[in-house]
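For reference, the chains in residue letters:
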Amino acid sequence: MNRIKNIRPGVLVIPDAGLKLKPGQVVEVERLTKQIQAALKNGRLAMADKPKQEPVVSPEPDQDAEPVDLSKLSATDAISKVNEEANPETLKGYMETEKRRTVIDALKSRLEGMQGAAE
């Protein structure tokens, strides 16, 4: 038996296996059909037999990842990202490119808070 997991944010239908998977749902299948294999290859499904690999890898990359392009986020999401950022240089980089007043205010506030904590 193989355990597969829907890793897409929406419902995933796999007709040749008779499956309709909700987001995050894990099911056991006897065999990997052609459509299941294609979904695995395309990143729609993941093998659920490797639970130890995901939790260890997931939380850390965001901290060391390249800065996110705030212009591609909604203002609310951009402000949330600013409030999570711990690197003053990254925040200063955001200041140079950001045009939205609310996000700029959040950047200034975050930088001031970080400077106040350092003193």
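Summarised in this report is the structure supplied together with it.

## Considerations on the overall build of the protein
From N to C terminus, the protein includes 6 helices and 5 strands. Each helix and strand of the protein, placed in order from N terminus to C terminus, yields the pattern β-β-β-β-α-β-α-α-α-α-α. Considering the protein as a whole, with its 119 residues, one finds that 24% of them fall into the buried category. Restricting to contacts in the protein with at least 6 residues of sequence separation, those with at least 24 account for 47%. For the protein, the computed accessible surface area is about 8600 Å², with 50% contributed by carbon and sulfur atoms.

## Things to note about the pattern of salt bridges
Side chains that differ in charge, positive against negative, can pair when their charged atoms come close. Under the defined criterion, the tally for this structure stands at 3 salt bridges. In this structure, Lys 92 engages Glu 89 in a salt bridge whose closest nitrogen and oxygen atoms are separated by 3.9 Å. Of this pair, Lys 92 and Glu 89 both sit in helix H5 (residues 88-97), 3 residues apart, roughly one helical turn.

## Points about the side chain of Glu 85
Within the fold, Glu 85 resides in the loop between helix H4 (75-84) and H5. Buried charge Glu 85 goes without a salt bridge, the closest partner of opposite sign being Lys 81 at 5.7 Å. Ignoring sequence-local partners within four residues, the contact set of Glu 85 consists of Thr 90, Leu 91, Tyr 94, Arg 110 and Met 114.

## Some words on the environment of Ile 7
Assignment of secondary structure puts Ile 7 in the loop between strand E1 (2-6) and strand E2 (12-14). Residue Ile 7 is classed as partly exposed on the basis of its relative accessible area of 42%. Residues Ile 7 and Pro 23, 16 residues apart in the sequence, show an inter-C-alpha distance of 6.3 Å. Ignoring any residue separated from it by four or fewer positions in sequence, one finds Ile 7 in contact with Gly 43, Arg 44, Leu 45 and Ala 46.

## Description of the sheet that holds strand E4 (residues 26-29)
Strand order in this open sheet of 3 strands is E4-E1-E5, and the pairing throughout is antiparallel. The open sheet has two edge strands with one neighbour each: E4 and strand E5 (45-47). For this sheet, the mean angle separating the axes of adjacent strands, direction not counted, is 35°. Sheet topology places E1 next to E5; 3 bridges connect them, and they run antiparallel. The partner of Asn 6 across the bridge, within E5, is Leu 45. Contacts from helix H1 (residues 34-41) reach E1, E4 and E5 within the one sheet, and its direction differs from that of E5 by about 95°.

Criteria and thresholds
Residues numbered from 1 in each chain as written. Predicted model: local features only at pLDDT ≥ 70, side-chain atom pairs only at ≥ 80, totals over all residues. Heavy atoms only, no water. Helix = DSSP H or I, 4+ residues; strand = E, 2+ residues; numbered from the N terminus. Buried < 20%, exposed > 50% of the residue type's maximum accessible area, 1.4 Å probe, protein only. Contact = heavy atoms within 4.5 Å. Areas by Shrake-Rupley, 256 points an atom, 1.4 Å probe, with all protein chains shown as cover. Salt bridge = Lys/Arg side-chain N within 4 Å of Asp/Glu carboxyl O. Lys, Arg positive; Asp, Glu negative; His and termini not counted. Pairing = 2+ DSSP bridges. Axes fitted to C-alpha atoms, helices over the stretch in contact; angles between N-to-C directions.

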